[in-house]
Amino acid sequence: MRIGDVISGFTLESKDNLTEFKSEGRLFRHVKTGCELYHISNNDKENLFSFIFKTIPFDSKGTAHIVEHSVLAGSEKFPLKDPFVQLLKSSMYTFLNAMTYPDKTVYPASSIVE
């Protein structure tokens, strides 16, 4: 892959040699939306991905944490009561969680299935 290549609608913007992790990092940007994707390639059998959203608070009412739980409760268009419970029933996952930080909310998942 070369910088500037477009793969599945994402443009490769940069590459990093992550020697500490015996990995290569690649920064992609989605052509239509501008969404950033950072891919770390290595020989680890785990396949982890995370959706990370900026959730910078306006006050200390805990809105981002409430939204974290609301997202996991499904919606009219996606009527899934609790996706974690559904995923936990399968043997496909090795890690699954959601975390709210002061400035972001993270939804990570991992599996040894490619």
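For clarity, every value in this text was computed on a predicted model and none was experimentally measured.

Student: If you had to explain the layout of surface pockets to someone new, which residues and values would you point to?
Tutor: Counted as a void, the largest pocket has a volume near 1,000 Å³. Along the walls of the largest pocket sit 18 residues, with Tyr38, His39, Leu48, Phe49 and Ser50 positioned nearest its centre. Looking at the lining of the largest pocket, the elements with two or more residues in it are strand 4 (36–41) and strand 5 (47–54). At seven residues, the largest contribution of residues to the lining of the largest pocket is made by strand 5. Partitioned by chemical class, the residues of the lining of the largest pocket number 11 nonpolar, four polar and three charged.

Student: Quick one: what's the story with the environment of Ile66, residue by residue and with numbers?
Tutor: Along the chain, the position of Ile66 falls in helix 1 (residues 63–71). Residue Ile66 is classed as exposed on the basis of its relative accessible area of 52%. Separated by 34 residues in the primary sequence, Ile66 and Thr100 have C-alpha atoms spaced 9.4 Å apart.

Criteria and cut-off values
The numbers attached to residues start from 1 for each chain and follow its sequence in the written order. Where totals are concerned, whole chains, interfaces and linings use all residues; where local detail is concerned, this predicted model gives features only for residues with pLDDT of at least 70, and gives and counts side-chain atom pairs only at 80 or more. Side-chain metrics in this entry use all non-hydrogen atoms of the structure; hydrogen atoms and water are not considered. The definitions used throughout rest on a 1 Å grid laid over the protein atoms alone, on which a cavity is an enclosed set of points accommodating a 1.4 Å probe that cannot get out and a pocket is an open set flanked by protein within 12 Å on both sides along at least five of seven lines; lining residues are those having an atom within 4 Å of a point. Grid points are joined across faces, edges and corners, and a volume is the space filled by probe spheres set on the points. In this description a helix means any DSSP run of H or I spanning at least four residues, a strand means any run of E spanning at least two, and both kinds are numbered starting from the N terminus. Only Asp, Glu, Lys and Arg are considered charged, only Ala, Val, Leu, Ile, Met, Phe, Trp, Tyr, Cys and Pro nonpolar, and every remaining residue, Gly among them, polar. Between buried and exposed lies partly exposed: a residue is buried under 20% and exposed over 50% of the maximum accessible area for its type, with that area taken using a 1.4 Å probe on protein chains only.

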